[in-house]
Structures are given as structure tokens and as C-alpha cells.
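Structural characterization, general
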Amino acid sequence: NISERGTFCGRANPTTGALDWVEESEEYDYHQEIARSCYADMLHDRDRNVKYYQGIRAAVGRVKARGEKVVVLDIGTGTGLLSMMAITAGADLCYAVEVFKPMAEAAACIVKKNGFSDKIKVINKHSTKVTVGPDGDMQERANVLVTELFDTELIGEGALPSYEHAHLHLVQECCEAVPHRATVYAQLVESERLWSWTQIRPMQLEGHTLVPPTALCQCAGAPSVCDIQLSQVPPSAFTRLGPLCTMFSVDFSRLITSAPQTHSCRFVVQTGGSAQVVLSWWDLDMDPSGTIVCSMAPSWTYSDPRAYPWRDHWMQSVYFLPAERNVCEGEEVILTVSHDDYSLWYKVAERTSCRPCTCQAHLVWTRPRFGELNDHRRRAYYLSALRSILQPDSVCLAVSDGSLLPIFAHLLGANKVFSLENSGMSKRVMEQFLEANSLQNVVHVLDVRPEQLSVDHLHGQQISVLIGEPYFSTSLLPWHCLFFWYCRTALTRLLRPGASILPASATLYMLAVEFQDLWRIRAPCSTCEGFDVGAMDEVVQNSLDFRESRKAEPHPLWEYPCRALTKPYPVMTYDFQQCVPEQPISSEGTMPLTRRGHCHGIVLWMEYHLTDDITVSMGLTKPISEEGECVWCPHRKQGVYFFRNLWESSGDGRAAVSYSLTFDPSIGDIKMDFSVFPS
């Protein structure tokens, strides 16, 4: 949202559990865009850059071989890298189009610094607004079209409408295009692990079977793609039901339609099972013959996984079918993909509806949240903790968004159970669960703020057991779930003396790490394929300095392997038996680097102490291996603080990370500073 004075930005408020809209200066929005962009990742993607360079050289060569002047149109130029490649390859002129003003300015700076200003014209417009003619942005139509308009789903950044417009208005008929063609592939699989991200499975509990609502079971789920690092989902986690299907191709050298289309692939089932999920990726043929290929296939498709070119700006896609369907070996199946301007969706059975979510659960819970609710090991910890504190006369209040804990509390024998929901939609989803299990009269769902809750809401009772996972949909960083602590404080007046609090406390942990690949998204590049792109490093750093330099970022580290260079350090504990303090909580110290490697940053996570002897970690889920290998919780994101500079650790403990953290209870956030003292 843009006001006359600035930009309104949504920001998680851990003190209220809400998303606050805060007005920032006009600069804030684009600084955020740049600071959290994937420009560095793209510049570090050598496979992408080399393949583009090869494709551009080949395309320019084909036009020159015809005796024509080479005029290039580069849509979405970003840093101007592809335009500079084109001129170096022999192009006579290049029009570099970039709609994002700060990037267009950076591109112009980079182009000038590399000495190409006389042959590259940077146009700060959307490509659909570019004009051609004597007085236009372009003097003539281009005969080489170079673009990088793709996302993980291929078309999600509006590639099809942009190509369609370019062919109609900006380039010559049958121009050369780099990439020349894209092909989308799909693999139909059965996977309980992945399917648990979209459906709730029945649960056995105290002699009862807790079933999901019919509306959820029959719902087609969230329509959006699930983009992940599929290389981190091992083949043992799914069963291939058929061959890898070639679903469709797009020839970028010819006129493209952005109209909705449907494509099908008929195949014979190779292994019987339950058709649940489609794994998908695409590749780019940089030349017409398909000899220069940039592939997004996951690492386990490579004969040598070490040859896999890691990238985060393009990953792989997971699509959940609208409904499970059993298929038998030898059966003929038709897999269908449809797409509009920006997204794709799959189905197997023609009769299956692909309507967006109708049960609302997929709007309340993220896919990792579905997986968390289905995690039977995690559930066992909470059940064990609840058994240890619940009594036949317990009056229990649950505070978490869309949690099943209040149902567990009732089935474990609590006298009265109430659930405090943060939104009307979350309340309706929980009511569906209760109705599906005939519990609507024994678990009472409330949608009032904690500070507004009264004894009347609790049927005249006081709370003897306050429980939470805690989980809140507005939480971005691990410590944002400390909203539970603020709720506990607001509810003090309603707690019985000696009331049990679950979890009893939480500890913030941290760990210095060496990332296998994730470091690339924040590392300066300086030069790329022989071109000086240092100006882009400066732009990114200026945006980080604007607001972000002392903050952590949320990342699901199960997707991003790393090695521990220190042991895990508990740096701050929050006692939920007490109210939120008025004064800040601070922690300072050092962590010796005890393993050899490159220290890229610090990982932070929360561990919740349900009782004195039961702890649930939102970070490390197993002890660190001798080599430093880390196994991370797949359901929550961890906080990552990236160092600006790379630090080498000899592993002898003489080098150390110095830290200073302060939890400010007035805003519910943590101010942090880290530095490395070399040996």
C-alpha cells in the first residue's frame, strides 16, 4: 500500500500476535526489495550465466551469418549482465529494459563502468510500455530477444504476457531468442511425507480416532505451488508411479499466447499406489538444437549429484492433486496440467475439481504447519507433557492458532477446555474439527483477545492449566512466538494460584555455521563472467544498511545443508511461569569456533520446555554429528544472521564469535550484534 508520504508495510508484532501496518518512507519498500532479493544468487549461479552466455553467442552468430545488423532486446535486464554479454558477443546495439527503478539505475552504472554505454540503452519501463519508432524508446525492432523472466514455476513472473507483447510489438518475426525454448516435466508420485503437507491424517489417541473434517478431506487444497529445494527430499521419501512426463514446451522465438491452456500426458503406471503429488521442474534450451541446456532437475536425477548446479532463485515445484487416487500397475493414466498467465495446476482424474480451498484449513495453516500437526513424534511429546499436568478438575485454556492441543486435553480427561483463537477463520476451522469428532459441546472455541477474556467467557471458572505449542500464523522469526508469553501475562488475572503453564519456559539457542550453498544469496559477487558488477554489491549493501544490517532472516534450514562450527549455545531463557518483564533481557559472550571451515553466519532457534524433562526443539532435532552435520526441524523456519565477510575457522577454538543480544519487551523483538575475533 502506498500513501502520499510513503509505504505501508506489514510487520509481525510479537506483543499482540497481529500483523501491524506501519508507514515507512518511500525508500523503504525498494530497499526491502533489494536487501531480500536473489540478485546475488543469480550472479553466483555460474551454470545459468555460462549457459546464457553460450546461447547469446550462438544467437548473435546466427544473425551475423545472415548478414544482418544485430539488435538485441533484453527484457528484465537486472544488473545488465546479459546485455553486456550480447555486446561482447558482437551485437551492434542492445535495449536493456528494467521496470524496477533502483535496478535500472544500477544497470546503467554497471554498463557505464564496463564501457558499454554507447551500445547499451537502459530503459526504465515495463516492457509492455516500451515504444518503437524514430521518437520511441527503441529506434527499430530487435532481431534477438534475450530474457530472464522466469521463476520456480516458469511462468509466475508474467513471462507469457511479456513474450506475447514483445513478439507483437518489439521484435521482428521469427527472431532469435535466448533462451530458445522451455520444457516442463512432471513426475507423479505417492508420498506420505509430502501429502502430510496438505491433509490431516486420522490420529489414534486414548482409544479414540481423531478424524479430520469431511470438508478438509474433500478440499482441493491451496492452489499455489509449493516451491522447495527438492534435492533435500530423498527418493526414499516417495514412490514414482510412472515415467517422467514431458508436459509441454514453449518456443520463445515465435509468437506466444498468454491464453489459458491445458496439456496432457498419457502413460502406463509402472508401480501401483496412491497418486497424491506431482513433482515438477523445467529446463531451458538456449539454442534451437537443444545442445545448450540449463536444467532445474533436482540433484538425485544426476548420475553424479556433485555435478548438480545449486540455485535458490529457481527451485523445483510440488503440486498436490485435488484428491488421492489409487492407481494399479499397468493401468493407463492421463496426467493433465493447466495454466493461466501466472500459475500451473495438475490433475489425474477428469472428474476431479481443481477449485481453490473451500474448507478454509488451507488458508489458516501453511504446508509446514500441516506437516507439524501430522508429526506423530512431536505429538507424543505434547501428549506426554499434558498427561503429567492434567487433573480431573483441570480447567484448561489453549492459546495457539489452529492447535489440536485443546482436543488432546479433553480426551486426556480435563474437566473443561477452552481454545483461544486469533482469527474468525481459525475459529471456524477448529469448530469443524470438533463437529467431525462430536466434541463441539465439550471444547469451547473463543475468538476474543487475551486481554478481553473474562470469567464469563470461562463459564465462571479460573484457568488451572494454560497450554500452547506455541504457534501463531503471524510469526516470522523464531522468537515471534513469544506472543504466548504476552498472552500469559494478559491472562494473569484469570489464572488460579499455582496454575500450570505449558510450555513452562523457552530457550533461545544459537550456533555458528558454514553453509553448503545458502551463503551465495548474501555474498558479494564483484565480477561475473568477466564483467565488473561491484556496483550491484554496493546497492545491496546500502539497502541492508538502510534497515536490515542487524537483523536475522527466516529460512527453513532443512532445505539448506550446513555444518556447525561451534556447539549449540543457550543464550536467553524466557520463564513463562512469570509475566513478561518490564526491563530488557540481555546476553553477551563468546562462542569458540571448534571446527574447521568458513563461518558464514549464525543460526538462531527456540526450544520449548514443556515440562522439566520434556523439550521440543524448533531448530536442531538431533545431536550434531562428529563432522558437524546438522538436522533441522522441517516444520519451522530458523533465524539466520549472515556475516558481511567470510571468516575462516581453523577449528582450534582460538577464533571466536562475539555476541550481544537484547530482548526488548516493549516490542517483543531481539536486537542482535555478532562479530568474529580471528585467532
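Residues numbered from 1 in each chain as written. Predicted model: local features only at pLDDT ≥ 70, side-chain atom pairs only at ≥ 80, totals over all residues. Heavy atoms only, no water.

1. A closer look at the overall build of the chain
- Of the regular secondary structure elements, the chain holds 15 helices and 36 strands.
- Against the 2.2 N^0.38 benchmark of 26 Å for 679 residues, the chain shows a C-alpha radius of gyration of 27 Å, consistent with a compact globule.
- Taken over the C-alpha atoms alone, the chain extends approximately 90 × 65 × 55 Å along its principal axes.
- Looking at the chain residue by residue over its 679 residues, the buried ones come to 57%.
- Surface exposure of the chain reaches about 27,700 Å², of which carbon and sulfur atoms provide 49%.
- Charged side chains in the chain number 59 positive and 79 negative. The centres of these two groups are separated by 1 Å. (Helix = DSSP H or I, 4+ residues; strand = E, 2+ residues; numbered from the N terminus. Rg over C-alpha atoms; globule rule 2.2 N^0.38 Å. Buried < 20%, exposed > 50% of the residue type's maximum accessible area, 1.4 Å probe, protein only. Areas by Shrake-Rupley, 256 points an atom, 1.4 Å probe, with all protein chains shown as cover. Lys, Arg positive; Asp, Glu negative; His and termini not counted. Charge placed at Lys NZ, Arg CZ, Asp CG, Glu CD.)

2. Re the sheet that holds strand β20 (residues 395–399)
- With parallel pairing, the five strands of this open sheet are ordered in space as β22-β21-β20-β23-β24. Edge positions in the open sheet fall to β22 (443–446) and β24 (495–502), since each of these has one partner strand only. In this sheet, adjacent strand axes meet at a mean angle of 20 degrees when their direction is disregarded.
- Where strand β23 (residues 463–467) meets β24, four bridges bridge the pair, whose relative direction is parallel. What sits directly across from I467, in β24, is L502. (Pairing = 2+ DSSP bridges. Axes fitted to C-alpha atoms, helices over the stretch in contact; angles between N-to-C directions.)

3. Some details on the packing of helix α3 (residues 46–65) against helix α4 (residues 81–88)
- Where α3 meets α4, the closest approach of the two axes is 9 Å, and the angle between their N-to-C directions is 40 degrees. Taken together, the axis directions place α3 and α4 in an arrangement best described as oblique. Seen along the crossing, α3 lies across α4 with a hand that is right-handed. The residues of α4 that touch α3, namely those facing R48, N49, Y52, Y53, I56 and V60, are L81, L82, M85, A86 and T88.
- Here the residues of the contact of α3 with α4 sort into eight nonpolar, two polar and one charged. (Parallel < 35°, antiparallel > 145°, perpendicular 65-115°, else oblique. Left-handed = near helix turned anticlockwise from the far one by under 90°. Contact = heavy atoms within 4.5 Å. Nonpolar A, V, L, I, M, F, W, Y, C, P; charged D, E, K, R; others polar.)

4. Some details on the sheet that holds strand β31 (residues 585–592)
- The sheet built from three strands is open, its strands ordered β31-β35-β36 with antiparallel pairing. The open sheet is flanked by β31 and β36 (669–677), the only strands paired with a single partner. The average undirected angle you get between the axes of adjacent strands in this sheet is 10 degrees.
- In this sheet, β36 lies alongside strand β35 (residues 656–664) in antiparallel orientation, the contact comprising nine bridges. Across the sheet, S658 pairs through a bridge with S675, a residue of β36.

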